[in-house]
Amino acid sequence: MGKIIAVTNQKGGVGKTTTAVNVSAGIGKLGKKCLLVDVDPQGNATSGVGVDKRSIKFSSYNILIEGIKAEEAVIHTEYENLDIIPSSIELAAADIELADIERREARMKNAIALIKGNYDFIFIDCPPSLGLITTNALCAADTILVPIQPEYYALEGLSQLMNSVRIVKRRYNSYLDIEGVLLTMYDGRLNLTQQVVQEVKKFFPRKVFPVVIPRGVRLSEAPSFGMPIMYFDKASKGSAAYMDLAKHIVNIN
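Reading the values: the criteria
- Residue numbers restart at each chain and count upward from 1, following the sequence in its written direction.
- Predicted model: local features are reported for residues with pLDDT of at least 70 only, side-chain atom pairs are reported and counted for 80 or more only, and whole-chain, interface and lining totals are derived from all residues.
- Hydrogen atoms and water are omitted, and side-chain values are computed over all heavy atoms in the structure.
- For helices the rule is a DSSP run of H or I covering at least 4 residues; for strands it is a run of E covering at least 2, with both sets numbered from the N terminus onward.
- What the globule rule says is 2.2 Å times the number of residues to the power 0.38, and the radius of gyration is computed from C-alpha atoms.
- Relative accessible area decides the class of each residue, using a 1.4 Å probe on protein chains only: under 20% of the type maximum gives buried, over 50% gives exposed, and in between gives partly exposed.
- In this description, contact between two residues means that some pair of their heavy atoms is separated by no more than 4.5 Å.
- In short, Shrake-Rupley with a 1.4 Å probe defines the accessible areas, and a residue's cover is counted only from the protein chains shown.
- Residues scored as charged are limited to Lys and Arg (positive) and Asp and Glu (negative), so that His and the chain ends carry no count.
- Working definition for charges: the position is that of NZ of Lys, CZ of Arg, CG of Asp or CD of Glu.
- Between any two strands, at least two bridges found by DSSP are needed for them to pair.
- Lines are fitted to the C-alpha atoms to define the axes, a helix being fitted only along its stretch in contact, and any angle between axes, read from their N-to-C directions, falls within 0 to 180 degrees.
- The term salt bridge refers to a side-chain nitrogen of Lys or Arg lying within 4 Å of a carboxyl oxygen of Asp or Glu.
- As used in this record, nonpolar core signifies buried Ala, Val, Leu, Ile, Met, Phe, Trp, Tyr and Cys residues forming a set joined through side-chain atoms within 4.5 Å.
- Expected helix span is given by 1.5 Å per residue-to-residue step, counting one fewer step than there are residues.

Here we look at the overall build of the chain
Along the backbone of the chain there are 12 helices and 8 strands. In terms of overall size, the chain behaves like a compact globule, its C-alpha atoms giving a radius of gyration of 17 Å where 253 residues would be expected to give roughly 18 Å. Seen through its C-alpha atoms, the chain measures out along the principal axes to roughly 50 × 40 × 30 Å. Relative to its full complement of 253 residues, the chain shows a buried share of 55%. Taking contacts inside the chain between residues at least 6 apart in sequence as the whole, the part at least 24 apart equals 79%. Accessible surface for the chain amounts to roughly 11,600 Å². Of this, 49% is attributable to carbon and sulfur atoms. The centroid of the 29 positive side-chain charges in the chain is displaced by 7 Å from the centroid of its 27 negative side-chain charges.

Have a look at this one:
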């Protein structure tokens, strides 16, 4: 049965979608079947694996709101062992629409349960918020992966995220755990980076990944070509880092 990992941080611009796309593609390259579920209305994970949003028939919106089967929304990408359930702009209003649906927090969990056995890993790319869409992802997930940029405001809002995790754990998903915290856009030359890293390790003892994701132009360019970094520039530092992260996640499971 596939392990479900929600990639989440309500703070935007921390490398959440970059991580969801590249770690799932990296694990696919390691020979494990991966499903990427895009529940962010911006749909950047969808375009990041080369899927044309205009050609999508069904998306995660149709699963959450209309109750279609997850398998109907699955698209096979051109990358090894990587499928995606795409996003659509309709998701922008999904939090409001979900409010009137019975057992609204379990819509994604129930849908993914039917295809979970087809994959080794399922990654959910969450929106940068803590609304009902993210709640659905946390209810469906076994663990959460939290990308953090080592900057001054890095820990701001993390207590709110962890409070949401505790609420979901108490009410809906008692098995939810932290997969790990990932330091992104890392520049070890900066004193501030080292200070923030120490704070993050205090906040999440024994949960910070040994792999860090460096800043890199190639990593920033890859999404505009609809390619994960290990296909766009295999020799780049970003590619090496995400492949190391993929190996780490596969080995610890």
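Once you've had a look at it, read on.
Section: the side chain of serine 239
Tracing the backbone shows serine 239 in helix α12 (residues 237-251). Other than its neighbours up to four places away in sequence, serine 239 contacts Ile229, Met230, Asp233 and Lys234.

A few points about the sheet that holds strand β1 (residues 3-7)
Strand order in the open sheet formed by 8 strands is β3-β4-β2-β5-β1-β6-β7-β8, with mixed pairing between adjacent strands. Each edge of the sheet is formed by a strand with only one pairing partner; in this case those strands are β3 (75-76) and β8 (208-214). Seen against the sheet, helix α9 (residues 191-203) touches β6 (143-148), β7 (177-186) and β8 and runs at an angle of roughly 175° to β7.

Focus: the environment of isoleucine 4
Note on placement: isoleucine 4 falls in strand β1. For isoleucine 4, a relative accessible area of 3% puts it in the buried group. Remark: the alpha-carbon pair of isoleucine 4 and alanine 137, spanning 133 residues in sequence, is separated by 9.2 Å. If near-sequence neighbours (up to four positions away) are discounted, isoleucine 4 is found in contact with Ile112, Lys116, Ile122, Ile124, Ala140, Ala141, Asp142 and Thr143.

Quick word on the pattern of salt bridges
Note that side chains of opposite charge can pair when their charged atoms are close. Within the structure shown, the criterion is met by 11 salt bridges. Across the salt bridge formed by glutamate 179 and lysine 3, the nearest N and O atoms sit 2.7 Å from each other. Taken together, the positions of glutamate 179 in strand β7 and lysine 3 in strand β1 put the pair 176 residues apart, joining distant regions of the chain. No difference in accessibility class separates glutamate 179 from lysine 3, as the two residues are buried. Salt-bridge contacts for aspartate 177 lead to lysine 207; the nearest nitrogen and oxygen are separated by 3.9 Å. Linking aspartate 177 in strand β7 with lysine 207 in the loop between α9 and β8, this pair joins segments that are 30 residues apart in sequence. Judged by relative accessible area, lysine 207 falls into the partly exposed class, the value being 27%.

Looking at the nonpolar core
Membership of the largest hydrophobic core comes to 50 residues, with the highest contact counts inside it found for Val37, Ile85, Ile124 and Phe204. With sequence-adjacent residues up to four places away left out, isoleucine 85 is seen in contact with Leu35, Leu36, Val37, Asp38, Ser59, Ser60, Ile63, Ala70, Ala73, Val74 and Ile115. Listed in part, the 35 residues of the second largest apolar core include Ile5, Ala20, Ala25 and Leu36.

Points about α12
In a regular helix each residue adds 1.5 Å, so 15 residues correspond to 21 Å; α12 covers 21 Å between its end C-alpha atoms and thus fits that length. Where α12 is concerned, the buried positions are Gly238, Ser239, Ala241, Tyr242, Met243, Leu245, Ala246, Ile249 and Val250.

What to know about the pairing of β6
Counted residue by residue, β6 has 6 buried out of 6 residues, so it is predominantly covered. Side chains Thr143, Leu145 and Pro147 project from β6 onto one buried face, and the interleaved Ile144, Val146 and Ile148 project onto a second face that is buried too. As paired strands, β1 and β6 are joined by 3 bridges and run parallel to one another. Paired with alanine 6 across the strands is isoleucine 144, a residue of β6.

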